[in-house]
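# Overview (structure and organization)
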Amino acid sequence: MIVEAQYLLQVYGAIKNDCRGSEDQAVMCFAACTDADSVCASQQLLNLFNREGIYFTLIPVDSYEEVKAHCEPLVQAEEVKTVVLINCGATDDVRSLCELPDNVRIVIIDHHRPVWHGHNVEDDTNTLVLVDEDDPVPKASVPVYDPNEQEEDEEESGSEASEAEEDEEEDEEAGASGGGDEDEDDLGVGPGRKRRRRSTGAEQEERPAKRSPEARAQARAERRKRAELIDAYYSDCNGYGKPSSLLLFSLCNTAQHDDNFHLWCAIVGLTEQLLFHQISKQQYNTWREGLEQKTHVQADPQEELENEAANGLLNIPRQKVHVEPYDDLRLTLLRYWTIEESLRYTGYVAARLQTWRQKGLDNLRSLLTYMCIPLKHATTAYKGLREVYNSQLRTQLPRFAPQHMLAWDSLHLSSFRLLYKHEEISASDMVFALLGLLTDAKPKEKHWHRTAFNDASNALHVQRNLNTVEKGIDLAKRMCSDVVHECGLMITSGKVKGGRNADYRWVNVAESNGLANPRFTHPAVLKYMALFLRDATSHRYSSNDARRPMVVAGPPDEDGMCCVVAVHAKHISGNKLQKNPFARPFIETASALHIFQQKSAFENTTFHLRKEEVGPFLDRLQHVVREYTEEAKRLEQEAAA
């Protein structure tokens, strides 16, 4: 069942009731360990469980196979259990994949789209998918699942076969009535004729009622129309929905457990989706305005201290931490870099100016000169700069950025920052700190991604784990600089395939120097690379429609698996889904090559392949995408005609 946000409190009540009825009175929580939104949402939920006295187990996972392995003890369990899935499970029949019995209630909080239409069954209270009313893919757009649909198709085909058989028997009876002995006709052994089977009474009762040709044609038309509706849904609704942390903040607010920590988690999850182009800027501002109103609602600090002392909760005291709206520059980790380094390794600026080349660096320094920021101060740590240069950057950048092929609208955003003691951290910096920790690949360590997820979870509690935050920022700085340098080298050396008029462009990182970098095996880093390569390659062509989707295949990890990701080409304005057109081509390509994924990702545009399968996959994908493009053009021409 797909549950809308207005019923979040009832779902939470059902989880608490299930816990009281189970033997261990605990909830199993699985969180996708690939993005910052999962970290934020899991911490919100666990903080809520702590306040309600609910026991829980949090397990970071990166594939459905890992979820299934942890759920094996539940297969034979007879007691009622609750499993919560964070940013996984919405796009697939997770109950069948993990072989979970009906006595296990599954609660899915997932921002991946499309939601599998099999979840849209009103009578199924054992599988609950939470989708807000203002989600880009709301419940109303998900086709209603009919569990009898396949049975009806089989019955229809059986009915048509029976009707054809009856017609044949009637023809035989008509031919037999012209002559021959009556007894021979009854036995069906007349000369020159085949034996005619006599239908028994039981067979006549089991046989479906004969329908007229008009009724059969109408039934076929209805099934065809429904199949087209479902096909269009899966073709047009691949992307991202509302952040799970933002949805859980609504639950915290409804349950009267909202505070600055839960608010900060929702802000970080929302900011990540904007930075990774998973939502439009209009959609971001719509949700941001709702969060901005919550920043003005403050509780009594002394009351919060008393509650924290009584319950021992994971919480940040309000009198030491404050969240406020903030007009931020979209310059990556500016407060922890120099002005020159931040401009050089900001994805948008690097793609437009090509800062991995000497000419690009000269253009960057020209911009600094126009802004009256001497190179000596531009290469000084930002926190050590005099205030005059900070204000100079903010006042002069809107004026001179357009003269250097940079749009001011892409260099600033209305955001938030968290203030603690005499320090501050912006929402975008927090996102990069979490991503730096999540992508700190350590191939020699087994289950390193769980350790990375736990470190990122600790970093959210900024006041108590400032060292972890600083570690994440250092890792993020290394990630951003590696992406710019390696991607720039791929572009200049011709590793990026697909020209000006190609349907899409692609690159295999295993064929470049990035092969030795374990960070490039992580899907979040590959998506960041794909966005940078998409913008950098399109800027090399002068035409306005040069931007193309980008497919990036990463190097093999410690298990010999390569991650393949795809990003969409253009932004769709308004509060609409940012469609990714590669979900269906990826699935069709894997099917054509008989590729079985040993590691199933949680979204349809991320595939894990064996390293020997990557080459054939990328080759076959070209033909599949071309077929889809030609079909789309044909449909456009028919619609225009």
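You'll find the structure just up there.
A brief look at the structure comes next. (Residues numbered from 1 in each chain as written. Predicted model: local features only at pLDDT ≥ 70, side-chain atom pairs only at ≥ 80, totals over all residues. Heavy atoms only, no water.)

## Examining the overall build of the protein
- Looking only at helices and strands, the protein has 23 helices and 15 strands in total.
- Per-residue burial over the protein gives 53% buried out of 641 residues.
- In the structure as shown, the protein presents an accessible area of about 29,100 Å², 48% of it carried by carbon and sulfur atoms. (Helix = DSSP H or I, 4+ residues; strand = E, 2+ residues; numbered from the N terminus. Buried < 20%, exposed > 50% of the residue type's maximum accessible area, 1.4 Å probe, protein only. Areas by Shrake-Rupley, 256 points an atom, 1.4 Å probe, with all protein chains shown as cover.)

## Overview of the nonpolar core
- If you look at the biggest cluster of nonpolar residues, it comprises 106 residues, and the most contacted ones within it are Trp 264 and Met 430.
- With residues up to four places along the chain from it excluded, the contact list for Trp 264 reads Val 323, Phe 416, Arg 417, Leu 418, Ile 425, Ser 426, Ala 427, Met 430 and Leu 460.
- In this structure, Tyr 64, Val 129, Leu 577 and Phe 602 belong to the second largest nonpolar core, which totals 31 residues. (Core = buried A, V, L, I, M, F, W, Y, C linked by side-chain atoms within 4.5 Å. Contact = heavy atoms within 4.5 Å.)

## Overview of the packing of aromatic side chains
- Applying the stated rule across the entire model yields 16 aromatic pairs.
- Here Phe 586 and Phe 617 contribute two aromatic rings whose centre-to-centre distance is 5.4 Å and whose plane-to-plane angle is 80°, an arrangement assigned as edge-to-face. Remark: Phe 617 occurs in helix H23 (residues 611-640) and Phe 586 occurs in helix H22 (residues 583-592); sequence separation between them is 31 residues.
- Taking relative accessible area as the criterion, Phe 617 reaches 0% and is therefore assigned buried.
- Through successive ring pairs, a cluster of aromatic residues spans Tyr 504, Trp 506, Phe 582, Phe 586, Phe 607 and Phe 617. (Phe/Tyr/Trp six-rings, centres within 6.5 Å; stacked < 30°, edge-to-face > 60°.)

## Some words on the sheet that holds strand S5 (residues 104-109)
- Strand order across the open sheet formed by 6 strands is S1-S7-S5-S4-S2-S3, with parallel pairing between neighbours. Where the open sheet ends on each side, the last strands, each with one partner, are strand S1 (2-3) and strand S3 (55-61).
- With 2 bridges connecting them, S1 and strand S7 (residues 127-130) associate as parallel partners. Within S7, the residue paired with Ile 2 across the bridge is Val 129.
- Packing of helix H19 (residues 448-460) onto the sheet brings it into contact with strand S2 (26-32) and S3, and relative to S3 it is tilted by some 120°. (Pairing = 2+ DSSP bridges. Axes fitted to C-alpha atoms, helices over the stretch in contact; angles between N-to-C directions.)

## Focus on helix H15 (residues 358-370)
- With 13 residues, H15 extends 18 Å between its outermost C-alpha atoms, agreeing within 8% with the 18 Å of an ideal straight helix rising 1.5 Å per residue.
- Looking at H15, one finds that the buried residues are Gly 360, Leu 361, Leu 364, Leu 367 and Leu 368. The arc enclosing the buried residues of H15, seen along the axis, measures out at 115°, which places them on a common side. Residues of H15 that are exposed and point more than 90 degrees away from the buried face comprise Lys 359 and Thr 369.
- Contact partners of the buried residues in H15: helix H13 (339-345), helix H14 (347-353), helix H16 (375-378) and helix H17 (387-400).
- Taken from the residues just after H15, Cys 372 is the one with a positive phi, measuring 60°. (Expected span 1.5 Å × (residues − 1). Arc of directions from axis to C-beta.)

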